[in-house]
Each structure stands twice: as C-alpha cells, then as structure tokens.
Amino acid sequence: MNISRMDFAKGYYVALLAAGLLASPFLVNGVLMPAVHSDFVVWYAASFGLVREGLSFGTLYDLFAFDDLLRRATGEPGIAGLPYFYPPTFGLLFYPAAFVSLETAYYCFAAINVASIFLACRVMGAKSLDALLIAFTPMAIACIAMGQLAGLLVLGMTVGYRLLGSKPFWAGVVFALMTFKPHLAVVIPVILLAGRHWRAIAGLAVGTGVFALLSALAFGFEAWWAFLFNGETALAVIRSGHFPFKVVFSNYTFFRALGLGDAPSLALQTLLAVAALGITYCYWRPGHRAFDKVTALAVSSLMISPHVMMSDCALLVAPMALWFATRPANSGKIALLLGLALLFWPLGGVLLAEFVLMVNPYPLIYWAILLLLLAPLLRPRTAGQSAVQ
C-alpha cells in the first residue's frame, strides 16, 4: 500500500482536526482541570510524604496509609483509591514536586511532557511542524493533561535508539531511564540482545544499577525491599477490577471486559506478550529497516504487561514521527494504524469503550500492527532485498 507523504500528511492533519474537535470538551477540561483530578496527584502525594512529612518510602506502598496521605497532600477529604506502586527510582523524578504547590508542580510536569514528546519526534527526524502536530494528537494530550510521564519515556526510547550506532554504551544508559516504569522496559534487553549491541547491554546494566543505587542512597535500601515485597500490588489492582477493565489498554483487560475469567485472560496475555517479543526480536536482528524496528519496539512495549494505561500509548509517537521523516516503502498500512491509535483515542478509547463496545478496542490495533510486521518475516527473503539499519 503506497501512500504519498503529502497525501498522508493532509489526511492525518484533517483527521487530527476532527479528532481535536471531538475531544475538545475533554481537552479543555484536561488542560484546565484541577491538578487534584489528575494522575499526577499520586506522585505529588508521594513527594509530599517524603519531603514535608519525612515518611519512609516503604509507607507509600501501604494502600490505606497512602489514601490518608493523598487526603493530607491535596486537602480533598474524598480522594482515595489511587495506589502508588512504582519503584524507588521513580522517586528521583517526583521528589522535588512538593517544594512547590500541587498546581505549580502539575503544570511544570505537563510542560516537561510537551517538550519531551516534541523533542522525541525531532530526534526521530520529523520536521518541526510534523513534530508539533504529533505532539498534540489527542492521545499525547491525554497523557499530558493527566500528568503522566510517557513523554519522558518516549524521549528516552528515541534518544537511546539514535545513540545505538555511534555511542552504544550511552545508548544503554539512556535506555535505562525506561526502567523507571519497569513494565515498559522489558523489551529493551531483548532488542539489544537481538542486535548484538553488547556495549549497549553493558550501558543498560550500569545505568539501571546507578539509578537503583542513587534511589537507595536517597530513600534508603529498605525502599527497594518494600517495593519488591509489594511487587504484585500493581497486577493485583488490575486483576481485581479496581480500575474498570474497559479503561485499561492491555490485552488482559480486553479479555476480562469480554467476560473471560482471570486465568484464561492472563494466559492469553502471556501468549500474546511472548509472540510480541518474538516478532520484535526478529526485527532487531541485523538486516531490518529502522521503521520496522522502532514500530516493533513501541508496540511490543504495550503488549507485555497487563498494566498498560492510556498514557503509555504515547510511545507510539516514536514510529509515527519516524514515518513522517522517512516514509519507507510498503509501510502505509502500519502508518495508518499508528495514526489511528494516536487520533482515535476520543472515539475509540472513551466513547466506543464506554457506550458502544463496552471494551477497549486498542489491543486490536496492536494486534493488527504485529500481524502486518509478521507477514514479511514469514516470506523468504531474496538476495536482492536491502536492509535499512
């Protein structure tokens, strides 16, 4: 399927305008929402407890104690049910938040996210206008407005990718930033192993170790024991249905929303995760083009864990930006699906899931992209086929 860059760009921008109009009520509410209604309140409360109250990091993993902390940090007596289950390394990011007000910290974090997503698109080679528009797709805006940090993760992913060829060790160190959300970093060692990037693997190990050590020195080594002891909290929260299955963007919750039980849904989640890892491993071996590598990395990162939220899907801006920069041959179908994922959120991620399908359709987009990536792997390669590294 060959689509000229100009034709695709025109259609993409028209679709972006339509999606923006559809999402405008949320976007206005999101950009102007009280910070207390955003996901960022979890990290602010954690910072509040550490900085202003001198609590131990382990206290953050106590669900009941953290509910009380949320109420003290926000002054909202009714707020509850937003657990903290991130590793101590994550604390290195949010620790300064409580030195200012919740609203100030929230808007500073949002600005950092906007800049990170824009820079990630530029790192992948997108022109400034393309990067700006991709950074303001409904999916990216949802991430920003809700106070999530996917912008920082996608920036780490893109910078790490770009450094692989020239500074592999430092590429690994940058990739280590993704371990701040470990469930989205599982794919990183797989791709480095597949590509035989040994120095990058060393950098990943060193970077991960340094970040872990810094967090242990900052918050105490017992913080890591508390995190590991409560390691199943995130999965337990998802499996319990604490968050409605139709608002979580994972394969596991897709099957649970269809009515399957916990065990078969978890089995299917595992099977699809293994398949995604296998496809990604194949594409990161020598002899495959950059667009397919980055697409496989971004999509498989969203396929691994049952705990994939809306904001995590902002990782898809990386392959979308690379498509605008390079427009590789026979990539139109994948580009359309990536564009759909970034533009479709107001309709598919909210309205259809809430009122029509009663299930989140985003995993279907992941599957379709992986099937399109799988097809060339099943065809024998000819000697004349060229590879784009």
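For clarity, every value in this text was computed on a predicted model and none was experimentally measured.

(A) Highlighting the confidence of the model for the protein chain. This prediction gives the protein chain a mean pLDDT of 82; 80% of its residues lie at or above 70. Mean pLDDT in the protein chain bottoms out at helix α19 (residues 345-356), which sits at 53, and peaks at helix α9 (residues 168-175), which reaches 96.

(B) Structural view of the environment of Phe57. By the element assignment, Phe57 lies in the loop between α2 (40-51) and α3 (63-74). Sequence separation of Phe57 and Phe227 is 170 residues, and the distance between their C-alpha atoms is 8.9 Å. Every residue in contact with Phe57, bar those within four places of it in the chain, is listed here: Leu50, Tyr84, Tyr86, Pro87, Pro88, Gly91, Phe94, Phe219 and Ala223.

(C) Region of the structure containing the packing of helix α8 (residues 150-163) against α9. With their axes 8 Å apart at the nearest point, α8 and α9 run at an angle of 170° to one another. Regarding the angle of α8 to α9, the classification is roughly antiparallel. Contact residues: Gly156, Met157, Val159, Gly160, Tyr161 and Leu163 in α8; Pro168, Trp170, Ala171, Val174 and Phe175 in α9. In terms of residue class, the contact of α8 with α9 is made up of nine nonpolar, two polar and no charged.

(D) Focus on the packing of helix α17 (residues 317-326) against helix α18 (residues 332-343). The N-to-C vectors of α17 and α18 enclose an angle of 130°; their axes lie 10 Å apart at closest approach. The pairing of α17 with α18 is recorded here as oblique in orientation. Crossing handedness for the pair α17 and α18: left-handed. For the pair α17 and α18, contact is made by Val317, Pro319, Met320 and Trp323 and by Ala335, Leu338, Gly339 and Leu342, respectively. Residues belonging to the contact of α17 with α18 are distributed by class as follows: seven nonpolar, one polar and no charged.

(E) Broad picture of helix α6 (residues 128-135). For α6, every residue scored as buried is listed here: Asp130, Ala131, Ile134 and Ala135. Taken down its axis, α6 places every buried residue within 130° of arc, on the same side.

(F) Seen up close, the pattern of salt bridges. One pass over the full model with this rule turns up five salt bridges. Asp262 is the salt-bridge partner of Arg256, the closest N and O atoms lying 3.7 Å from each other. According to the relative accessible area criterion, Arg256 is buried, its value standing at 18%. Residue Asp262 is classed as partly exposed on the basis of its relative accessible area of 24%. Across the pair Asp292 and Arg289 runs a salt bridge, and its minimum N-O distance is 2.7 Å. Taken as a pair, Asp292 and Arg289 share a single burial class, namely buried.

(G) Spotlight on the side chain of Arg256. Along the polypeptide, Arg256 turns up in helix α14 (residues 251-257). Once residues within four sequence positions are removed from consideration, Arg256 is found in contact with Arg239, Phe245, Gly261, Asp262 and Ser265.

(H) Focus on helix α16 (residues 290-303). Between its first and last C-alpha, α16 extends 20 Å over 14 residues, near the 20 Å set by a 1.5 Å rise per residue. In terms of burial, α16 is largely enclosed, as 14 of its 14 residues are buried.

(I) Broad picture of unusual backbone geometry. In the Ramachandran plot, Arg327 falls in the positive-phi region, its phi being about 40° despite a non-glycine side chain. With respect to the helices and strands, the residue Arg327 is situated in the loop between α17 and α18. Of note, Asn330 is a non-glycine position whose phi angle comes to about 55°, a positive value. Position of Asn330 relative to the elements: it lies in the loop between α17 and α18. When its relative accessible area of 58% is taken as the criterion, Asn330 is described as exposed.

(J) Inspection of the environment of Ala276 at higher detail. Relative to the elements of secondary structure, Ala276 occurs in helix α15 (residues 262-283). With 94 residues separating them in the primary sequence, Ala276 and Leu370 have C-alpha atoms 7.2 Å apart. Look past the residues within four positions of Ala276 in its chain and what remains in contact with it is Ser300, Met303 and Leu370.

(K) Fine view of the packing of aromatic side chains. Following the criterion strictly, the structure yields 30 aromatic pairs and no others. Arranged with centres 6.1 Å apart and planes meeting at 45°, the rings of Phe66 and Tyr84 form a pair that is tilted. Of this pair, Phe66 sits in helix α3 while Tyr84 sits in the loop between α3 and α4 (88-94), placing them 18 residues apart in sequence. For Tyr84, a relative accessible area of 1% gives the class buried. With a centroid separation of 5.4 Å and an interplanar angle of 85°, the aromatic rings of Phe180 and Phe211 are classed as edge-to-face.

(L) Quick peek at the nonpolar core. Core analysis: the largest hydrophobic core is formed by 109 residues, its most contacted members being Phe40, Trp43, Phe57, Phe66 and Tyr84. When neighbours within four sequence positions are excluded, Tyr84 is seen to be in contact with Val42, Trp43, Ala46, Phe57, Leu60, Tyr61, Phe66, Phe90, Gly91 and Phe94. The next biggest cluster of nonpolar side chains, apart from the first, holds five residues, and it includes Ile238, Val248, Tyr252 and Met309.

Definitions and cut-offs
- Residues numbered from 1 in each chain as written.
- Predicted model: local features only at pLDDT ≥ 70, side-chain atom pairs only at ≥ 80, totals over all residues.
- Heavy atoms only, no water.
- pLDDT = per-residue confidence, 0-100.
- Helix = DSSP H or I, 4+ residues; strand = E, 2+ residues; numbered from the N terminus.
- Contact = heavy atoms within 4.5 Å.
- Axes fitted to C-alpha atoms, helices over the stretch in contact; angles between N-to-C directions.
- Parallel < 35°, antiparallel > 145°, perpendicular 65-115°, else oblique.
- Nonpolar A, V, L, I, M, F, W, Y, C, P; charged D, E, K, R; others polar.
- Left-handed = near helix turned anticlockwise from the far one by under 90°.
- Buried < 20%, exposed > 50% of the residue type's maximum accessible area, 1.4 Å probe, protein only.
- Arc of directions from axis to C-beta.
- Salt bridge = Lys/Arg side-chain N within 4 Å of Asp/Glu carboxyl O.
- Expected span 1.5 Å × (residues − 1).
- Phe/Tyr/Trp six-rings, centres within 6.5 Å; stacked < 30°, edge-to-face > 60°.
- Core = buried A, V, L, I, M, F, W, Y, C linked by side-chain atoms within 4.5 Å.

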